[in-house]
Amino acid sequence: MTMAPPTGGIAMMCDHAGRVVRVLRDDLDLAARVPPGTHLRDLVDPAAREKAGHFLDELQTRQAAYDWEITVSVHGRLLPLHFAGGRTQTGFIVAAALSQRDLPHCNEELMRINNEQANALRVTAKNLALAEHPAPSHGDALYDELSALNNEMANLQREMARKNVELEALNEQKNRFLGMAAHDLRNPLGVILAYSEFLEAEAGGGLNDAQREFVSTIKRTSEFMLRLVNDLLDVATIEAGQLKLDRHSADLLQIVRQNVTLNRVLAARKQITVDLDLPATLPRIPFDAGKIEQVLNNLLSNAVKFSHPGTAVRVRVACADGFATIAVQDHGQGIPEDDLPKLFKPFSNTSVRGTAGEQTTGLGLAIVRRIVEGHGGRIWVESEVGKGSTFSFTLPV
């Protein structure tokens, strides 16, 4: 029984010396013979190595070579392969196929990689297919096919660039609208909140139970809406690339203590204690005190929000390897593993809800991440369902 001849070819990226960097396509099972670092001459039959050297010389001098028949052992059989290649900024693209008809299939992989490599083969086919090595009429068809593919890719790239410009303009308009809307809403919401607090504090004794509940609802709702508006303003500023950090050398431990003191009042309402674990000293480091306080306030309020009454929240600060690390640990519900990737994305709420029904905007952690990264630090979370979560972030010392 006669074995059917193989079909297809092999496509490789080589450096300027002719050593294989990566095999891009391999229909002939030849890749094992040319691992990275192997010279292209080692792929061909020993008797054809001199010709392979001339092929590489032409690539060096002419930037391209086309339809060089060089003998290669394929599945134990010596077969002439049609070699073609083109020069790129980093080396050469070399394709070898059993026939010119198979070359376009080798080129498909190159087309998918990047336009530079596609152009290299297009130039190869254009300049040399009919010049140095005249080919039958199907050489024209090969060139036409390569040119059509390249033109289609160029058109798609232009269309993509145009769409990107449109998207950037629309995104800028969206950010401007969000900023204007949030700014215009902040003042009236602040007034509603202030009046509801006044009514609750000063006129509460003159109200019946239903009226007090109405005032309390107005206060809670206006607090949430004002927080949402402020978060929207922050997001619009950040996405517009206008996050400005006013960094000065400051005492991080003092900022942490102040923030913990403020959040202990909120925690006490749920019978939650906030413990501090601080080093005796910490070098003064440059950071934007207002922004870092915003980060701490978000992490601490979240810890209280998602903790069960009667538990404890611990804030730890440490310094090592040129970074100060601040960790906020709670003993609350924990976060399911599937929800962890959503945490630092805007408007991505998890399945976990506040233990007292507290609302969340879904923006806080996204803002926190950008502030921390703007300082050159990073933020991450460790969590176990039923045992709690620890949010940590670093600041360079």
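Caption draft 1: Representation of helix H6 (residues 252-268) within the structure. Compared with an ideal rise of 1.5 Å per residue, which puts 17 residues at 24 Å, H6 spans 24 Å between its outermost C-alpha atoms and is within 8% of the ideal. The axis of H6 is deflected most strongly, by about 25 degrees, at Leu-262. For H6, every residue scored as buried is listed here: Leu-252, Leu-253, Ile-255, Val-256, Asn-259, Val-260, Asn-263 and Ala-267. Capping the start of H6 is the job of one residue whose side-chain oxygen sits 3.1 Å from the backbone nitrogen of Leu-253: Asp-251.

Caption draft 2: Quick look at the pairing of strand E10 (residues 323-329). In terms of strand pairing, strand E9 (residues 312-320) meets E10 through seven bridges, oriented antiparallel. For Arg-316, the partnering residue across the bridge sits in E10 and is Ala-327. The hairpin formed by E9 and E10 contains two residues between the paired strands, and Asp-321 there has a positive phi angle of roughly 55 degrees. In this sheet, strand E12 (residues 388-396) lies alongside E10 in antiparallel orientation, the contact comprising seven bridges. Across the sheet, residue Ala-327 finds its bridge partner in E12, namely Ser-392.

Caption draft 3: Quick peek at the nonpolar core. Leu-252, Val-315, Ile-326, Phe-391 and Phe-393 are the most contacted members of the largest nonpolar core, which has 41 residues in total. In terms of residue count, the dominant contributor to this core is helix H7 (residues 289-305) (seven residues). Among all residues touching Phe-393, those that are not within four sequence positions of it are Val-295, Leu-296, Leu-299, Ala-324, Thr-325, Ile-326, Val-372, Arg-378, Ile-379 and Trp-380. Core analysis: the second largest hydrophobic core is formed by 27 residues, Cys-14, Leu-30, Leu-59 and Val-74 among them.

Caption draft 4: Seen up close, unusual backbone geometry. Of note, Gln-271 is a non-glycine position whose phi angle comes to about 55 degrees, a positive value. Within the secondary structure, Gln-271 is located in the loop between H6 and strand E7 (273-277). With a phi angle near 55 degrees, Asp-321 is a residue other than glycine that sits in the positive phi range. Locating Asp-321 in the fold gives a position in the loop between E9 and E10.

Caption draft 5: Representation of the sheet that holds strand E4 (residues 77-87). Reading across the sheet, the five strands line up as E2-E1-E5-E4-E3 and stay open at both edges, with antiparallel pairing between neighbours. Every other strand in the sheet has two partners, leaving strand E2 (20-26) and strand E3 (64-74) as the edge strands with one partner each. If you compare each strand with its neighbour and ignore which way they point, the axes differ by 25 degrees on average. Inspection of the sheet shows E3 paired to E4 by nine bridges, in the antiparallel sense. The residue of E4 that forms the bridge with Val-72 is Leu-79. In the packing of helix H1 (residues 49-62) onto the sheet, the strands contacted are E3, E4 and strand E5 (92-97), and the crossing angle to E3 comes to about 155 degrees.

Caption draft 6: Representation of the side chain of Asp-339 within the structure. Tracing the sequence through the fold places Asp-339 in the loop between E10 and helix H8 (364-374). Discounting residues that sit within four places of it in the chain, Asp-339 has contacts with Thr-350 and Ser-351.

Caption draft 7: Expanded view of the sheet that holds E7. Pairing is mixed in the open sheet, where five strands are placed in the order E7-E9-E10-E12-E11. The open sheet terminates on both sides in strands that have one partner only, identified here as E7 and strand E11 (379-384). Neighbouring strand axes in the sheet, compared pairwise and without regard to direction, differ in orientation by 15 degrees on average. Strands E7, E9, E10 and E12 of the sheet are contacted by H6, whose axis makes an angle of about 165 degrees with E7.

Each value, and the rule that gives it
Throughout, a residue's number is its position along its own chain's written sequence, starting from 1. In keeping with the model being predicted, local features are shown solely for residues with a pLDDT of at least 70 and side-chain atom pairs are shown and tallied solely at 80 or more, while totals for entire chains, interfaces and linings include all residues. Side-chain numbers here rest on the full set of heavy atoms in the structure, without hydrogens or water. Helix and strand assignments follow DSSP, with helices taken as H or I runs no shorter than four residues and strands as E runs no shorter than two, numbered in order from the N terminus. Expected span of a helix, by definition, is 1.5 Å for each gap between consecutive residues, and there is one gap fewer than residues. Consider a residue and the seven residues that end there alongside the seven that start there; fitting an axis to each set, the bend is the angle between those axes. Exposure classes here rest on a 1.4 Å probe applied to the protein chains alone. A residue is buried below 20% of its type maximum, exposed above 50%, and partly exposed in between. What qualifies as a polar contact is a pair of N or O atoms within 3.5 Å, subject to a donor-acceptor requirement within protein and to the restriction that residues adjacent in sequence count only when both atoms come from side chains. At least two bridges found by DSSP between two strands is the condition for calling them paired. Nine residue types can take part in a nonpolar core, namely buried Ala, Val, Leu, Ile, Met, Phe, Trp, Tyr and Cys, and a core is a set of them joined through side-chain atoms within 4.5 Å. Contacts were defined at the residue level, with two residues in contact if any of their heavy atoms lie within 4.5 Å. Whenever a helix is involved, its axis is fitted only over the stretch in contact; in every case the axis is a line through C-alpha atoms, and angles between N-to-C directions fall within 0 to 180 degrees.

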